[in-house]
Amino acid sequence: MIMPFAYVKPGTIQEAIEALQTDNSWPLAGGTALLVDMRDGVKRPDLLVDIKGLRELDSFTIDSKKGITIGARTTLNFLVENKKLRASCPVLAEAALVTATFQLRNQATLVGNICKASPAADMAPSLYILGAQVVTTGPRGERRIPIADFMIGPQKNALKKGELVVQVEIPPPPKAKMAFLKKQRIKGHDLSVVNVAGLADTESGTLRLCVGACAETPVLLEGTDQLYKKTRDLGKLGEQIADLALSSISPIDDVRASADYRRDMVRVFVKRIVSRICS
Ligand SMILES: Cc1cc2nc3c(=O)[nH]c(=O)nc-3n(C[C@H](O)[C@H](O)[C@H](O)COP(=O)(O)OP(=O)(O)OC[C@H]3O[C@@H](n4cnc5c(N)ncnc54)[C@H](O)[C@@H]3O)c2cc1C
């Protein structure tokens with residue numbers, strides 16, 4: 001049962017920040033995660049601050065020199081359907097396409113996905129490999145937080161009291177091959193048992209992979225560039241990166257899968273993604 005709560009729909013970011021000074025107040029974006037948490041009694045807000053009326057959070061830009069900005073009101077279906085994004089940074093559209101259902105994606109936002117900070121958040125691994133920054137505003141002004149410092153634990157982000165995420169900023173993506181793969185229990189829609197995003201630029205020898213749902217936060221693998229520079233034998237490289245991934249994660253048993261199954265799937269998915277983006 002959802003407990004009683006107050007609700008405001010501010011017209012400006014300043015009004016939203018003022019409302020968020022109230023104890024136990026939460027921003028409401030698409031509501032596809034927050035309302036479920038409220039129904040399950042995981043969150044019992046005294047005040048919901050609905051940010052869907054804030055046009056200032058609509059920013060969406062793609063610039064070859066400045067990079068990409070994605071405002072906090074941007075829905076996942078917007079990302080799926082945006083042709084410019086699909087051309088310049090396909091991994092984000094690919095991840096959005098397999099997150100939740102079509103109907104939910106009309107409401108769900110990328111920013112809500114990372115603020116919820118689920119270890120299995122499907123939009124997060126792509127943001128890690130792209131070096132995204134989270135831009136916040138609050139009573140003490142603006143902050144830019146690297147995505148890996150923003151998602152700090154299961155259901156925990158780095159926001160301070162009264163702060164709101166305004167947008168996510170991504171540096172100009174390299175001309176690289178990118179891919180996102182998600183292992184789920186069923187066909188159709190489900191949360192990830194394992195998810196992996198990868199990016200490879202054969203010219204510069206850059207290789208980045210991030211594994212989700214296998215630790216308290218997504219894990220950006222360290223040392224992938226060095227391995228990529230040493231060998232272009234895809235079979236060998238896939239095995240080496242899979243070994244690296246397995247030594248970097250700490251999966252748990254839960255309702256979706258055992259830790260052992262997750263480890264097996266990480267090996268399969270890492271090898272698959274390496275062969276897809278490094279060939
Ligand atoms: C049936 C179902 C299936 C789902 N499937 C998936 C899936 O496959 N993969 C997946 O990753 N997720 C899934 N989800 C979870 C959810 O849909 C996504 O995480 C979604 O992206 C959340 O976005 P939202 O805009 O709805 O966030 P909300 O529910 O509005 O908010 C989520 C959290 O972020 C905070 N928040 C939102 N915006 C801001 C902001 N601008 N500043 C500060 N805090 C903010 C809220 O206060 C809340 O704590 C599923 C949910 C449901 C109900």
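Structure: see above.
Below, the discussion takes up the packing of aromatic side chains. Counted according to the given criterion, the structure contains one aromatic pair. Ring centres of F60 and F78 lie 4.9 Å apart, and the angle between their planes is 75 degrees; on these two criteria the pair is classed as edge-to-face. Highlighted residues: F60 in strand β4 (residues 60-63) and F78 in helix α3 (residues 76-81), separated in sequence by 18 residues. One cation-aromatic arrangement involves R232 over Y228; the distance from NZ or CZ to the ring centre is 4.0 Å. For R272, the ring lying beneath its charged end belongs to F269, and the centroid distance is 5.1 Å.

One non-glycine residue, N24, adopts positive backbone phi at about 55 degrees. Take N24: it is sitting in the loop between α1 (13-19) and β2 (25-28). The class for N24 is partly exposed, based on a relative accessible area of 36%. Positive phi, normally seen in glycine, also occurs at A100, with a value near 55 degrees. By secondary structure assignment, the location of A100 is in the loop between α5 (90-97) and α6 (102-105). With a relative accessible area of 23%, A100 lands in the partly exposed category.

A separate point is the site of the ligand. Around the ligand, 32 residues are found, and the nearest of them are P27, T32, L34, T109 and D122. Between T109 and the ligand, the recorded distance is 2.6 Å, taken from a side-chain N or O atom to an oxygen atom. Here an oxygen atom of the ligand sits 3.4 Å away from a polar atom, N or O, in the main chain of D190. Elements that contribute at least two residues to the shell around the ligand include exactly β2, α2 (34-39), α7 (110-116) and β10 (164-170). At five residues, the largest contribution of residues to the shell around the ligand is made by α7.

This brings us to the packing of helix α11 (residues 234-248) against helix α12 (residues 259-277). Helix-helix packing is described using two parameters, namely the angle between the two axes and the distance between the axes. Packing of α11 against α12 leaves a shortest axis separation of 8 Å and a crossing angle of 140 degrees. By the angle between their axes, α11 is oblique relative to α12. Considering how the two elements wind past one another, α11 and α12 form a crossing that is right-handed. Seen from α11, the contacting residues are L234, L237, G238, E239, I241, A242, D243, A245 and L246; seen from α12, they are R263, V266, R267, V270, K271, V274 and S275.

Before going further, it helps to examine the nonpolar core. With 54 residues, the main nonpolar core has L92 and L110 as its most contacted residues. Looking at this core, the element that brings in the most residues is β10, giving five residues. Not counting the four nearest positions on each side in its chain, L92 is found in contact with I70, L85, L110, M123, S126, L127, L130 and I170. Listed in part, the 30 residues of the second largest apolar core include C214, A242, A245 and I249.

Next up on the list: the pattern of salt bridges. All told, the structure shown has 17 salt bridges when counted by the stated rule. Linking R55 and D58 is a salt bridge whose minimum nitrogen-to-oxygen distance equals 3.9 Å. Assessed through its relative accessible area of 65%, R55 is described here as exposed. The partner of R267 in a salt bridge is D243, and the shortest N-O contact between them spans 2.6 Å. With R267 in helix α12 and D243 in helix α11, this pair connects stretches of sequence that are 24 residues apart. Classification of R267 by relative accessible area gives partly exposed; the value is 24%. Via salt bridges that share partners, E239, D243, R267 and K271 belong to a single interconnected network.

Calculation criteria
- For every chain, the first residue of the written sequence is number 1, and numbering continues from 1 along that sequence.
- It should be noted that, the model being predicted, local features are given only for residues of pLDDT at least 70 and side-chain atom pairs only at 80 or more, the latter also being counted only at that level, while totals for whole chains, interfaces and linings use all residues.
- To get the side-chain values, take all heavy atoms of the structure and skip hydrogens and water.
- Stacked, edge-to-face and tilted labels apply to pairs of Phe, Tyr and Trp rings (six-membered ring for Trp) whose centres lie within 6.5 Å, assigned for plane angles under 30 degrees, over 60, and everything in between, in that order.
- A helix here means a DSSP run of H or I that spans at least four residues, while a strand means a run of E at least two residues long, and both kinds are numbered starting from the N terminus.
- In our convention, an over-ring charge means Lys NZ or Arg CZ found within 6 Å of a ring centre and within 35 degrees of that ring's normal.
- Exposure is judged per residue with a 1.4 Å probe applied to protein chains only, and the accessible area is read against the type maximum: over 50% gives exposed, under 20% gives buried, and values in between give partly exposed.
- Nearness is defined per residue: one heavy atom within 4 Å of the molecule or strand is enough.
- Any N or O atom pair separated by 3.5 Å or less is treated as a polar contact, with the protein-specific requirement of one donor-capable and one acceptor-capable atom, and with residues adjacent in sequence counted only for side-chain atom pairs.
- As a rule, the C-alpha atoms of each element are fitted with a line to give its axis, helices using only the stretch in contact, and angles between N-to-C directions run from 0 to 180 degrees.
- With respect to orientation, any angle under 35 degrees is reported as roughly parallel, any angle over 145 as roughly antiparallel, any angle of 65 to 115 as roughly perpendicular, and every other angle as oblique.
- Crossing chirality is assigned from the near helix's rotation relative to the far helix, an anticlockwise turn below a right angle marking it left-handed and a clockwise turn marking it right-handed.
- In what follows, a contact means two residues having at least one pair of non-hydrogen atoms within 4.5 Å.
- The term nonpolar core refers to a set of buried residues drawn from Ala, Val, Leu, Ile, Met, Phe, Trp, Tyr and Cys, joined through side-chain atoms within 4.5 Å.
- In the sections that follow, a salt bridge refers to a side-chain nitrogen of Lys or Arg positioned within 4 Å of a carboxyl oxygen of Asp or Glu.

So yeah, pure geometry; function would need other evidence.
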